[in-house]
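Now for the letters of each chain:
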Amino acid sequence: MFVKKDQRKVPQILSDATSRVNTPPDTASGTKDGEGEGSSIVRELSFARRAPEFLPACNVSLLLQPSYRPALDHLVQLSLYDCGLKTLVEISRDGLDEGVTLFPKLEQLDIGRNPLLTNDSVSAAFHTQFPSLLELWCDNCSFGPVIPPTMLKLHGLEVVRMTGNKLEGVLEEGIGAKYWKQVKILALDGNALTSVGTGLGELTQLEKLHLRQNKLTSLPEGVPSAHNSNLVMLSLSSNKLISVPASLLDTGSSLKELYLNGNQITEVPEFMGEKLVVAKKLNLAHNKIGEGSTAVGEGDVEMEGNENNLLPRDFVERFGMPDVLSGNCTKDEQCIVLLEGNPFTEARRKKHLDEERRKAKEAEMEVDAEA
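Residues numbered from 1 in each chain as written. Predicted model: local features only at pLDDT ≥ 70, side-chain atom pairs only at ≥ 80, totals over all residues. Heavy atoms only, no water.

**Q** Which parts of the structure should I look at to understand the overall build of the chain?
**A** Tallying secondary structure elements over the chain gives 6 helices and 14 strands in all. Relative to a compact globule of 371 residues, whose C-alpha radius of gyration would be 21 Å, the chain shows 27 Å and is clearly more extended. Taken over the C-alpha atoms alone, the chain extends approximately 95 × 50 × 45 Å along its principal axes. Within the chain, buried positions represent 46% of all 371 residues. (Helix = DSSP H or I, 4+ residues; strand = E, 2+ residues; numbered from the N terminus. Rg over C-alpha atoms; globule rule 2.2 N^0.38 Å. Buried < 20%, exposed > 50% of the residue type's maximum accessible area, 1.4 Å probe, protein only.)

Right under this line is the structure:
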């Protein structure tokens with residue numbers, strides 16, 4: 001659906017939102033607070049892609065004028081996406097009475113695509129101004145190399161998106177054990193994380209975990225785990241994993257999508273076919289499954305007698321062997337299984353194509369002979 005951009009300037013929008021708070025409901029017409037055209041309180045404000053209006057300061061002081069405070073008091077969603085912001089330090093306790101916060105009802109904040117925002121761009125009291133915040137969107141900023149401590153103190157968060165930032169090394173180990181215990185969606189794709197803490201395995205509400213395009217070489221045992229009983233999607237593609245912990249299979253009663261493509265995994269985990277009972281998509285493409293195996297060789301190596309050894313028996317019984325051309329397993333119609341780009345599937349494909357070419361050449365020779 002196309003949403004027409006509000007052509008008014010930010011101060012005009014805020015002034016209007018403030019006036020709506022200050023305008024009593026039209027009791028004569030029977031409308032209630034929050035209903036009707038003239039007096040409805042504004043709950044959502046989007047200032048996305050308005051960078052020129054935040055110049056030259058590149059901060060949010062424009063929004064925090066005392067005269068606009070009534071409007072901010074009622075906001076539930078606020079987008080500052082792609083506004084050219086350099087700092088958010090104005091969001092603090094400074095100048096506020098005891099117990100007063102700038103955004104008391106805000107549940108969703110989007111500050112994504114402001115690449116000049118760093119850890120130094122937020123005050124230590126940032127978290128105190130969002131007592132009701134449930135969703136924090138910070139995609140494509142420059143937070144790092146660790147998550148800003150004040151953001152970790154937003155204890156009610158259910159959605160955290162920090163993809164494409166500058167997080168490095170070990171992910172904060174307190175996540176799940178001390179911080180963000182209620183999180184349902186955690187998206188940290190496109191950073192430079194090398195490891196994560198076991199606290200992630202304690203997130204009982206976690207539904208989706210995005211760790212794609214990092215530098216993970218392994219996951220600790222217990223991440224994920226049976227405690228992640230609501231986990232439906234796990235994305236670990238484009239890392240440097242050589243294996244996955246056995247505890248991953250303990251999420252089998254809930255896990256529907258597992259993305260392990262683009263790693264260096266050499267073996268399919270045993271019991272994957274047996275335990276991932278509700279799986280709808282398993283992507284194991286472009287790994288190193290079968291590398292170095294005698295079943296994967298060059299030339300006319302016979303594979304039929306030993307190729308099943310490259311995949312666990314329970315896996316083959318449920319999903320079947322990969323199609324020789326596509327590399328996909330199709331036996332289980334309820335689950336898409338991708339294995340293309342692995343050494344053993346590529347060797348099977350090459351062998352099949354070589355055989356087809358040989359047969360075609362023989363057929364051509366027979367035709368020529370008959371002629």
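**Q** Help me understand the confidence of the model for the chain, please; the structure alone is not making it clear to me.
**A** Of all residues in the chain, 90% attain a pLDDT of 70 or more, and the chain-wide mean is 90. Note that pLDDT drops below 50 for residues 297–306; the model gives that stretch 11 contacts with residues more than four away or on any other chain. (pLDDT = per-residue confidence, 0-100. Contact = heavy atoms within 4.5 Å.)

**Q** Just checking my understanding: could you explain unusual backbone geometry for this structure?
**A** Negative phi values dominate among residues other than glycine, just as trans dominates among peptide bonds. Between leucine 55 and the following residue, proline 56, the backbone shows a cis peptide bond with an omega angle of 0°. Mapped onto the secondary structure, proline 56 falls in the loop between strand 1 (44–46) and helix 2 (69–74). The omega angle of the peptide bond from glycine 144 to proline 145 is 0°, so this bond is cis rather than trans. Looking at the secondary structure, you find proline 145 in the loop between strand 4 (135–137) and helix 3 (149–152). We note that arginine 113 has phi near 55°; this positive angle belongs to a residue other than glycine. Its identity is not glycine, yet phenylalanine 271 carries a phi of approximately 75°, on the positive side. Summarising the element assignment, phenylalanine 271 is placed in the loop between strand 11 (257–259) and helix 4 (272–275).

**Q** It is not clear to me how the pattern of salt bridges should be interpreted in this structure. Could you clarify?
**A** Should their charged atoms come close, side chains of opposite charge can pair. The full count for this structure, using the stated rule, is 11 salt bridges. Residues glutamate 53 and arginine 50 are paired through a salt bridge, measuring 2.7 Å at the closest nitrogen-oxygen approach. Relative accessible area serves as the criterion here: at 22%, glutamate 53 is assigned to the partly exposed category. Where lysine 184 meets glutamate 158, a salt bridge forms, and the shortest distance between an N and an O atom there is 3.9 Å. Linking lysine 184 in the loop between strand 6 (168–170) and strand 7 (185–187) with glutamate 158 in the loop between helix 3 and strand 5 (159–161), this pair joins segments that are 26 residues apart in sequence. (Salt bridge = Lys/Arg side-chain N within 4 Å of Asp/Glu carboxyl O.)

**Q** Could you clarify how one ought to interpret the environment of glycine 99 in this entry?
**A** When you line up the elements, glycine 99 lands in the loop between strand 2 (77–79) and strand 3 (108–110). Of the residues examined, glycine 99 reaches a relative accessible area of 73% and is grouped as exposed. Glycine 99 sits 25 residues away from alanine 124 along the chain, and the two C-alpha atoms are 17 Å apart.

**Q** Is there a simple way to explain helix 1 (residues 10–22) in this structure?
**A** The α-helix advances 3.6 residues per turn, and as a result positions three or four apart in sequence lie on the same side. Taking 1.5 Å per residue, 13 residues should reach 18 Å; helix 1 reaches 19 Å between its end C-alpha atoms and fits that length. Taken together, the buried positions of helix 1 are Val10, Ile13, Leu14, Ala17, Thr18 and Arg20. The arc that holds the buried residues of helix 1, viewed along the axis, is 155°, so those residues lie on one side. (Expected span 1.5 Å × (residues − 1). Arc of directions from axis to C-beta.)

**Q** What am I meant to see in the side chain of asparagine 287 here?
**A** Turning to its location among the elements, asparagine 287 is positioned in the loop between strand 12 (281–283) and helix 5 (313–319). Asparagine 287 gets classed as buried once you look at its relative accessible area, which sits at 5%. A polar side-chain atom of asparagine 287 sits 3.3 Å from the main-chain amide nitrogen of glutamine 264. In terms of polar contacts, asparagine 287 uses its side chain to reach the backbone amide nitrogen of isoleucine 265, at 3.0 Å. (Polar contact = N/O pair within 3.5 Å; in protein donor to acceptor, adjacent residues only side chain to side chain.)

**Q** Is there a simple way to explain the sheet that holds strand 10 (residues 233–235) in this structure?
**A** Sheet strands associate in pairs through backbone hydrogen bonding, adopting either a parallel or an antiparallel arrangement. With mixed pairing, the 12 strands of this open sheet are ordered in space as 1-2-3-4-5-7-9-10-11-12-14-13. Only two strands of the sheet have a single partner each, and these edge strands are strand 1 and strand 13 (328–329). When strand 10 meets strand 11, the two strands line up parallel, connected through 3 bridges. Looking across to strand 11, one finds that serine 235 is bridged to tyrosine 259. (Pairing = 2+ DSSP bridges.)

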